[in-house]
Amino acid sequence: MRFSRKLLAVLSAVAVAACSDTNKKGIVAVNPPLAFVRYFNAVGDTLPFDFRPIDQIEFSTPFLAVPYRAIGLGNFQGYEAKSRHIRVFPNSLDLATTSSVIFDTTMTLTAGSYYTFLHTGYTRTGASPRVSMTVMTDVFPTPGANIALRAINVGPDLGAVDIYVTATATDPLPAAPTFAGVAFKSATPYITLPPGPAVLRVFAAGTTSPAIATVTAAPGTAGTPTSNPIAGANVAGSVLTAMVYSKAVPGSKAEITAGSGVNTAPSLVVWIDRSPPNTAP
């Protein structure tokens, strides 16, 4: 019995020493230089898409099962800044479908830069314009006591559009559009507006009736000493993008006819590009 107790004490001491020694040899991980990437699916006639870097696993967050009119989960994600190989696949349980490549590119990502990947067009045979990717290098303003807003048209069958911003949906339209003649796949410069309620009304360029879409921007939430702000039309310092979408192709895998995701008519979504500075520790 005494021998067993002594042996147990010795083994315990060795184990403690081993743990102590291990703690002294911890490895400090160092992040490489990072660029920041996000992905939008504006292809309205097919399955959701998977956006994947295929050259490495680390610092390469994929955006999976991104449906029509959606952004890859997490908005901007840190990617190692260097030459990167990226592919987009249909999201499916069928191996033949999900292994087909929709988009394939190798591009150099610059440390500290922000990249927006916009997937637009149609995949179906004979449909025009054909599916394609636009890659934008984003430079965000600092709006201070205002908000910053730009517009991007990703509606392939809408033609150029005018967008008016008013406080309510019943306010008279201004004499000139807030954003005029926004062509397919084009992005306007950012403008600054005072924080406050914002309704965005979309029309075919040069017309004021009928409205293609009328959407109220989310107000956001101001920051406090204990909670950080959520960007929105009412929150100073917010940087936002108003993205105009076509309706989904009827009968396609992209179409949603019920619930909160109905996409059977053109619409506009206001996306957060950058939130105001944090206010909480």
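See the structure shown above.
In what follows, the accompanying structure is described. Residue positions are given per chain, counted from 1 along the sequence in the order it is written. Only residues with pLDDT of at least 70 are given local features in this predicted model, and only at 80 or more are side-chain atom pairs given and counted; all residues enter the totals for whole chains, interfaces and linings. Hydrogens and water are ignored here; the side-chain numbers use all heavy atoms of the structure.

**Section: unusual backbone geometry**
Here is step 1 of the chain: Cis geometry is adopted by the peptide bond preceding P129, which originates at S128 and carries an omega value of 0°.
Here is step 2 of the chain: Cis geometry is adopted by the peptide bond preceding P210, which originates at S209 and carries an omega value of -5°.
Here is step 3 of the chain: The topology assignment puts P210 in the loop between β14 (199-204) and β15 (213-216).
Here is step 4 of the chain: The backbone phi angle of F59 is positive, close to 50°, even though this residue is not glycine.
Here is step 5 of the chain: Tracing the chain through its elements places F59 in the loop between β2 (49-53) and β3 (63-66).
Here is step 6 of the chain: Judged by its relative accessible area of 30%, F59 is partly exposed.
Here is step 7 of the chain: One non-glycine residue, N75, lies in the positive phi region at around 55°.
Here is step 8 of the chain: Along the polypeptide, N75 turns up in the loop between β4 (70-71) and β5 (77-80). Elements are defined by DSSP. Helices are runs of H or I of four residues or more, strands are runs of E of two residues or more, and each kind is numbered from the N terminus. Summary of the burial criterion: residues with accessible area below 20% of their type's maximum are buried, those above 50% are exposed, and those between are partly exposed, where the area comes from a 1.4 Å probe applied to protein chains only.

**Describing the sheet that holds strand β10 (residues 147-153)**
Here is step 1 of the chain: The mixed open sheet is built from four strands, whose spatial order is β13-β10-β16-β17. One side of each edge strand has no neighbouring strand; the edge strands of this open sheet are β13 (191-193) and β17 (267-274). Neighbouring strand axes in the sheet, compared pairwise and without regard to direction, differ in orientation by 35° on average.
Here is step 2 of the chain: A pair of strands is considered paired only if DSSP assigns at least 2 bridges between the two. As paired elements, β10 and strand β16 (residues 239-245) share six bridges and run parallel to each other. By the bridge assignment for β16, N153 is matched with V244. Axes here refer to lines fitted to C-alpha atoms; in helices the fit is confined to the stretch in contact. Angles between the N-to-C directions go from 0 to 180 degrees.

**Considering the sheet that holds strand β12 (residues 179-182)**
Here is step 1 of the chain: The strand order across the open sheet formed by four strands is β12-β11-β14-β15, and the pairing between neighbours is antiparallel. At either margin of the open sheet sits one strand with a lone partner, and together these are β12 and β15. In this sheet, adjacent strand axes meet at a mean angle of 20° when their direction is disregarded.
Here is step 2 of the chain: Pairing of strand β11 (residues 161-166) with β14 involves six bridges; the strand directions are antiparallel. The residue bridging V165 from the neighbouring strand is L200, located in β14.

**Here's the deal with the environment of S100**
Here is step 1 of the chain: Its place among the elements puts S100 in the loop between α2 (95-98) and β7 (103-108).
Here is step 2 of the chain: C-alpha separation for the pair S100 and G72, spaced 28 residues apart in sequence, amounts to 20 Å.
Here is step 3 of the chain: Throughout, a contact is declared for two residues whenever any of their heavy atoms are within 4.5 Å. Apart from the residues lying within four places of it in its own chain, the contact partners of S100 are V88, F89 and P90.
Here is step 4 of the chain: Of the polar contacts made by the side chain of S100, one reaches the backbone oxygen of T97; its length is 2.6 Å. Throughout this description, a polar contact denotes any pair of N or O atoms lying within 3.5 Å of each other; where both atoms belong to protein, one of them has to be capable of donating a hydrogen while the other can accept it, and for residues adjacent in sequence the pair is counted only when both atoms sit in side chains.

**Thoughts on the pattern of salt bridges**
Here is step 1 of the chain: In the sections that follow, a salt bridge refers to a side-chain nitrogen of Lys or Arg positioned within 4 Å of a carboxyl oxygen of Asp or Glu. Applying the stated criterion across every chain yields a total of six salt bridges.
Here is step 2 of the chain: Between R87 and D104 there is a salt bridge, with the nearest N and O atoms lying 2.6 Å from each other. On the criterion of sequence distance, the pair formed by R87 in strand β6 (residues 83-90) and D104 in strand β7 is long-range, its members being 17 residues apart.
Here is step 3 of the chain: We classify D104 as partly exposed; its relative accessible area is 39%.
Here is step 4 of the chain: Residue D138 pairs with R150 through a salt bridge whose shortest N-O separation is 3.1 Å. Within this pair, whereas D138 is found in strand β9 (residues 132-138), its partner R150 is found in strand β10, the two being separated by 12 residues in sequence.
Here is step 5 of the chain: Since its relative accessible area comes to 5%, R150 is described here as buried.
Here is step 6 of the chain: Within this structure, R38, D138, R150 and D273 form a network of salt bridges that share partners.

**Notes on the side chain of T241**
Here is step 1 of the chain: Structurally, T241 can be placed in strand β16.
Here is step 2 of the chain: According to the relative accessible area criterion, T241 is buried, its value standing at 1%.
Here is step 3 of the chain: In this structure the side chain of T241 is engaged in a polar contact, spanning 2.7 Å, whose partner is the side chain of R150.

Nothing here speaks to function; it is geometry throughout.
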